[in-house]
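A closer look at the structure
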Amino acid sequence: MSIPLSIADKLEAEAIHTNEQLLAFNVRSKDVNWHEYVTPKKPRSSPVYLQRQFNLISNYREPIGNHNRRKVLLCHDMMGNYLEDRHYHSSKKYDDYRFYHWSAVDYFCYFSHKYITIPPCGWINAAHKHGVSVLGTFITEGSDGAKRLHDILASTEMIDNIVDAMVKLCKHYHFEGWLINVECKVESDSMENLYYFLNRLREAVEQHVEAGVVFWYDSVIETGQLSWQNELNAKNVRFFRSTHATLINYSWDDKSLEQTRSLCEQERAHSQSVFFGIDVFGRNQIAKFQSKRTLARIAKNRFSVGIFAPAWTYETLQQFGYNIKQETGDDAVNETFLLRNEKFWWLLWDHLATHPYNTLAFYTDFCMGSGKRTYVSGLPKAAVEDGSEAAAGESEGFFNLSRQSLQPSVPLHDLATRHYDDAFNGGSCLRISQCDSSFRLFATDFKLPGGGLVFAYAYKLSPQDGEFDCILRFCTSNNARDCYLFLGDYYDTVSLQRGRCYVSPFKPKYNELLSGPLECPQIPKDMAFPDFQANGWRVRYYVVEFDGGIQVKDIGVLYRKTPEARDTAYLGAVYLNEFNVNHHDFPVDSNIALIQVYGGDLLN
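Counting from 1, residues in each chain are numbered in the order their sequence is written. In keeping with the predicted nature of the model, local features appear solely for residues at pLDDT of at least 70, side-chain atom pairs appear and are counted solely at 80 or more, and the whole-chain, interface and lining totals rest on all residues. The side-chain quantities take in all heavy atoms of the structure and omit both hydrogens and water.

Things to note about the nonpolar core
By nonpolar core we mean a set of buried residues, namely Ala, Val, Leu, Ile, Met, Phe, Trp, Tyr and Cys, connected to one another through side-chain atoms within 4.5 Å. Think of it in three bands: with a 1.4 Å probe and only protein chains considered, a residue is buried below 20% of the maximum accessible area for its type, exposed above 50%, and partly exposed in between. Residues Ile180, Phe197, Phe455 and Phe468 are the most contacted members of the largest nonpolar core, which totals 152 residues. Every helix listed is a DSSP run of H or I at least four residues long, and every strand listed is a run of E at least two residues long, numbered separately from the N terminus. Residue contributions to this core peak at ten residues, all from helix 5 (residues 156–173). Ignoring anything within four residues of it in the chain, the contact list for Phe197 reads Phe138, Leu153, Ile159, Ile162, Val163, Met166 and Ile180. Grouped together as the second largest cluster of nonpolar side chains are 19 residues, Tyr363, Val454, Trp537 and Tyr575 included. In this analysis, two residues are considered to be in contact whenever any of their non-hydrogen atoms come within 4.5 Å of each other.

So, the environment of Asp350
Looking at the secondary structure, you find Asp350 in the loop between helix 11 (331–348) and strand 13 (362–364). Through-space distance from the C-alpha of Asp350 to that of Tyr49 is 7.9 Å; in sequence the pair is 301 residues apart. Whenever a nitrogen or oxygen atom comes within 3.5 Å of another N or O atom, the pair is scored as a polar contact, on the condition that within protein one atom can donate a hydrogen and the other can accept it, and that pairs from neighbouring residues in sequence are kept only if both atoms are in side chains. A polar side-chain atom of Asp350 sits 3.2 Å from a polar atom in the side chain of Lys292.

What about unusual backbone geometry?
Phi is mostly negative for residues that are not glycine, and the peptide bonds are mostly trans. Here the amide bond leading from Leu360 into Ala361 is cis, since omega sits at 0°, within 30 degrees of zero. Looking at where Ala361 falls in the secondary structure, it is placed in the loop between helix 11 and strand 13. Although it is not a glycine, Met79 sits at a positive phi angle of roughly 50°. If you trace the backbone, Met79 turns up in the loop between strand 4 (72–76) and strand 5 (107–110). Phi is positive for Asn284, which is not a glycine, with a value near 65°. Mapped onto the secondary structure, Asn284 falls in the loop between strand 11 (274–279) and helix 9 (291–300).

Shown next, in the form of structure tokens:
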């Protein structure tokens, strides 16, 4: 998005430091319409537990209800925050910390030790694209924090004004709510007003903020003393009642889990509203790469989890001699961080729920919101603008989370890596590591009642290195057995028994017929013209018609490597949309796949 320089500096995220600043709405961007720069929060499907999260050819989904629902709060606290990520415009530090495993997260909190922490636009956009709610932080600590809180609690009128100001911030910047962290002593005669503040704030965000939510952090108790309980009990239950959820401090033990479960039963409250904290740095718990052991104890008791400081995978690179503060980024930092980060989340995934994608048209170019350069249609942006390959090296690196695309539904540890030396669009692509065995990229919940779809993907693969398929796992609308579409190059559509069908690309000479209402600007239609190739990238299109409605449940890949291969396959973009073949007059030889799933071919 092109932004006038006159307002660019006003788009920088900032904290609020005083009550006076909060009440006066004294922020640089107060006159900016943030609606123009913030992505609305996307709808999500109900989550599922992936019992075999990476195995595509499996019936793996465990339905979720109140009896087994567990949520995830991700609390991002890195070196005080408000680093390069505070800018709306891109920085050049492409190796900076990125979060991208959004499919497992329900709430994202941007945390700092400043009074009012307003989340930067890039984080809001990346979260919202994946349907994740975003929280700011209200914190009072130390003598200055105690004085600010004392002034707020002096009267209900002051509380009402503060609450109205906090709601105004949510609506102006388009984030969903607050984590309330009172880490200072509260005078006993002010406690009723503290409860009033929480109740008033909860009611206000429910009324005025879509999907509004308020979290309470386990800190002070009913007497006003700062005394972390590390559980839910009689001393802090009123805070639990006054808000939507409670984040439990990190020093809990198994008795804390038992006590909290007992109180939830007594309160007739869902245990999913209690988020037991894990500080990834390891404060008072087994954490770091062993965090799975701690998460398993939380999951066994059906509580939700608050994962604090997930940027441990990035920050601690300094301990191993990496310089994470280079202004333009560093390849070694980037590659090592991504490997550590994939491993960390891969280890946790058995205990996390996954939200399938459910909105069409579906498109991703796998950009993580950063890159050593920007690519457009397979070529460096500078080369595209200059009209020659000579300008390819002039493109600059960038870090801009607003540019993050939809990300894979599961970690790809040992399956694929993020490749920053090439891309189809954006700043990176997937380099496939796993060969000769399919794996899942996206869990989906795409309902196609008309029974038609168009699918496309951009890939790079030299003929001597093997063959490549994307795979769609689908079922009929009556939820019969699963079937699979193997979308590769088979010269003709081949239907086989046992639920598998092998489909060849739509004939390139007819690709222009897919334009019009179906046009996808991210994958330009002219890239599929005969013999067109951009820097080795190719685009395959597929048009498939079924004899009834279907539901697409997964998108996966299969790379079949040859013995003499010198490289591997690269995936640069994926596109899926519904499609009504009957509205188009396609030639007989166009390679439309007509598949009978109700008539019997695949279900026999």
